[in-house]
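A look at the structure
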Amino acid sequence: MPRSVNAVASRARRKKVLKATRGYFGRGSNVWTVAKNKYEKGLQYAYRDRKAKKREFRALWIQRINAGAREHGMSYSKLMGLLGKSEIELNRKVLADLAMNHPEAFKAVVESVK
(Lines give C-alpha, C1' and ligand atoms only; values in the text may rest on other atoms or scores of the structure.)
Protein backbone atom coordinates (compact mmCIF):
# COMPACT_ATOMS: atom_id res chain seq x y z
CA MET A 1 0.00 0.00 0.00
CA PRO A 2 1.42 3.46 -0.88
CA ARG A 3 2.44 5.86 1.83
CA SER A 4 -0.23 8.46 2.59
CA VAL A 5 0.90 12.02 3.26
CA ASN A 6 -1.48 14.89 3.75
CA ALA A 7 0.12 17.29 1.27
CA VAL A 8 -2.78 19.74 1.49
CA ALA A 9 -2.32 20.28 5.22
CA SER A 10 1.48 20.41 4.92
CA ARG A 11 1.31 23.05 2.18
CA ALA A 12 -1.24 25.09 4.14
CA ARG A 13 0.97 25.00 7.25
CA ARG A 14 4.00 26.14 5.26
CA LYS A 15 2.03 28.87 3.52
CA LYS A 16 0.82 30.16 6.89
CA VAL A 17 4.38 30.43 8.21
CA LEU A 18 5.76 31.96 4.99
CA LYS A 19 2.97 34.53 4.98
CA ALA A 20 3.76 35.45 8.59
CA THR A 21 7.47 35.86 7.80
CA ARG A 22 6.92 38.19 4.85
CA GLY A 23 9.30 41.12 5.21
CA TYR A 24 11.93 39.25 7.26
CA PHE A 25 15.57 39.83 6.32
CA GLY A 26 17.39 37.57 3.85
CA ARG A 27 16.31 33.98 3.57
CA GLY A 28 14.08 34.35 6.62
CA SER A 29 11.16 35.20 4.40
CA ASN A 30 11.32 32.57 1.67
CA VAL A 31 13.35 29.50 2.71
CA TRP A 32 11.12 27.15 4.67
CA THR A 33 13.58 25.91 7.30
CA VAL A 34 15.00 29.38 8.01
CA ALA A 35 11.55 30.98 7.99
CA LYS A 36 10.16 28.36 10.38
CA ASN A 37 12.98 29.00 12.88
CA LYS A 38 12.58 32.76 12.65
CA TYR A 39 8.80 32.48 13.00
CA GLU A 40 9.11 30.36 16.15
CA LYS A 41 11.72 32.71 17.61
CA GLY A 42 9.45 35.66 16.85
CA LEU A 43 6.62 34.02 18.78
CA GLN A 44 8.98 33.57 21.74
CA TYR A 45 9.93 37.25 21.63
CA ALA A 46 6.27 38.26 21.40
CA TYR A 47 5.36 36.19 24.46
CA ARG A 48 8.31 37.52 26.46
CA ASP A 49 7.74 41.12 25.48
CA ARG A 50 4.04 41.10 26.33
CA LYS A 51 5.21 40.55 29.91
CA ALA A 52 8.09 43.04 29.67
CA LYS A 53 5.76 45.74 28.34
CA LYS A 54 3.78 45.67 31.59
CA ARG A 55 6.98 46.05 33.64
CA GLU A 56 8.23 48.92 31.48
CA PHE A 57 4.97 50.84 31.73
CA ARG A 58 4.82 50.42 35.50
CA ALA A 59 8.38 51.75 35.78
CA LEU A 60 7.47 54.73 33.59
CA TRP A 61 4.40 55.51 35.69
CA ILE A 62 6.47 55.37 38.88
CA GLN A 63 9.03 57.81 37.42
CA ARG A 64 6.29 60.24 36.42
CA ILE A 65 4.58 60.06 39.80
CA ASN A 66 7.92 60.54 41.56
CA ALA A 67 8.70 63.61 39.45
CA GLY A 68 5.27 65.07 40.16
CA ALA A 69 5.49 64.30 43.87
CA ARG A 70 8.91 65.91 44.22
CA GLU A 71 7.54 69.15 42.74
CA HIS A 72 5.30 69.26 45.80
CA GLY A 73 8.06 68.38 48.29
CA MET A 74 7.35 64.69 48.71
CA SER A 75 8.97 61.47 47.55
CA TYR A 76 7.21 58.71 45.62
CA SER A 77 7.33 56.24 48.49
CA LYS A 78 5.94 58.74 51.01
CA LEU A 79 3.14 59.69 48.61
CA MET A 80 2.16 56.07 47.93
CA GLY A 81 2.27 55.27 51.66
CA LEU A 82 0.02 58.21 52.49
CA LEU A 83 -2.36 57.32 49.64
CA GLY A 84 -2.74 53.86 51.11
CA LYS A 85 -3.37 55.18 54.61
CA SER A 86 -5.93 57.72 53.45
CA GLU A 87 -7.68 55.01 51.40
CA ILE A 88 -7.48 56.89 48.10
CA GLU A 89 -7.62 54.11 45.54
CA LEU A 90 -5.97 55.61 42.47
CA ASN A 91 -3.72 53.28 40.54
CA ARG A 92 -0.29 54.25 39.22
CA LYS A 93 -1.52 54.63 35.65
CA VAL A 94 -4.11 57.23 36.66
CA LEU A 95 -1.72 59.03 39.02
CA ALA A 96 0.92 59.24 36.29
CA ASP A 97 -1.63 60.65 33.86
CA LEU A 98 -2.68 63.26 36.43
CA ALA A 99 0.95 64.20 37.11
CA MET A 100 1.68 64.63 33.39
CA ASN A 101 -1.48 66.11 31.93
CA HIS A 102 -3.44 67.57 34.85
CA PRO A 103 -0.94 68.99 37.35
CA GLU A 104 -3.60 70.94 39.27
CA ALA A 105 -5.58 67.74 39.89
CA PHE A 106 -2.39 65.93 40.93
CA LYS A 107 -1.59 68.80 43.32
CA ALA A 108 -5.08 68.41 44.85
CA VAL A 109 -4.42 64.71 45.42
CA VAL A 110 -1.05 65.45 47.05
CA GLU A 111 -2.56 68.16 49.26
CA SER A 112 -5.39 65.86 50.33
CA VAL A 113 -2.98 63.26 51.71
CA LYS A 114 -0.57 65.66 53.44
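Up top is the structure.
Residues numbered from 1 in each chain as written. Predicted model: local features only at pLDDT ≥ 70, side-chain atom pairs only at ≥ 80, totals over all residues. Heavy atoms only, no water.

**Observations regarding the overall build of the protein**
Convention followed: Segments assigned H or I by DSSP are reported as helices when at least four residues long, segments assigned E as strands when at least two residues long, and all are numbered from the N terminus. As defined in this context, the radius of gyration uses C-alpha atoms, and a globule is described by 2.2 Å times the residue total to the power 0.38. Here the term buried applies to any residue with accessible area under 20% of the maximum for its type, exposed to any over 50%, and partly exposed to those in between, with areas from a 1.4 Å probe on protein chains only. Two residues qualify as a contact provided that any one of their heavy atoms is within 4.5 Å of a heavy atom in the partner residue. Only the protein chains shown count as cover for residues, and the accessible areas themselves come from Shrake-Rupley with a 1.4 Å probe. Neither His nor the chain ends is counted toward charge; the positive residues are Lys and Arg and the negative residues Asp and Glu. Here the site of a charge means atom NZ of a Lys, CZ of an Arg, CG of an Asp or CD of a Glu.
Regarding its fold elements, the protein presents five helices and zero strands. Listed by position from the N terminus, the elements making up the protein come as α-α-α-α-α. For the protein, the C-alpha radius of gyration of 25 Å lies well beyond 13 Å, the compact-globule estimate for 114 residues. For the protein, the C-alpha atoms occupy an extent of roughly 85 × 30 × 20 Å along the three principal directions. A total of 114 residues make up the protein; the buried ones form 20% of that total. Long-range pairs, those at least 24 residues apart, make up 41% of the contacts in the protein with a sequence separation of at least 6. Summing over all exposed atoms, the protein offers an accessible surface of approximately 8800 Å²; the carbon and sulfur share of this is 54%. A distance of 19 Å separates the average location of the 27 positive side-chain charges in the protein from that of its 9 negative side-chain charges.

**Brief notes about unusual backbone geometry**
If you check the backbone angles, E87 has positive phi at about 60 degrees while not being a glycine. Its location among the elements puts E87 in the loop between α3 (76-85) and α4 (92-101).

**Section: a positive patch on the surface**
Formally: For patch detection, residues must exceed 30% relative accessible area and be free of salt bridges, and they are connected within 9 Å for like charges or within 5 Å for nonpolar side chains (Val, Leu, Ile, Met, Phe, Trp, Tyr). We count a salt bridge whenever a side-chain nitrogen from Lys or Arg sits within 4 Å of a carboxyl oxygen from Asp or Glu.
A cluster of basic residues, R11, R13, R14, K15, K16, K19 and R22, forms a positive patch on the protein surface. When you line up the elements, R11 lands in helix α1 (residues 7-20).

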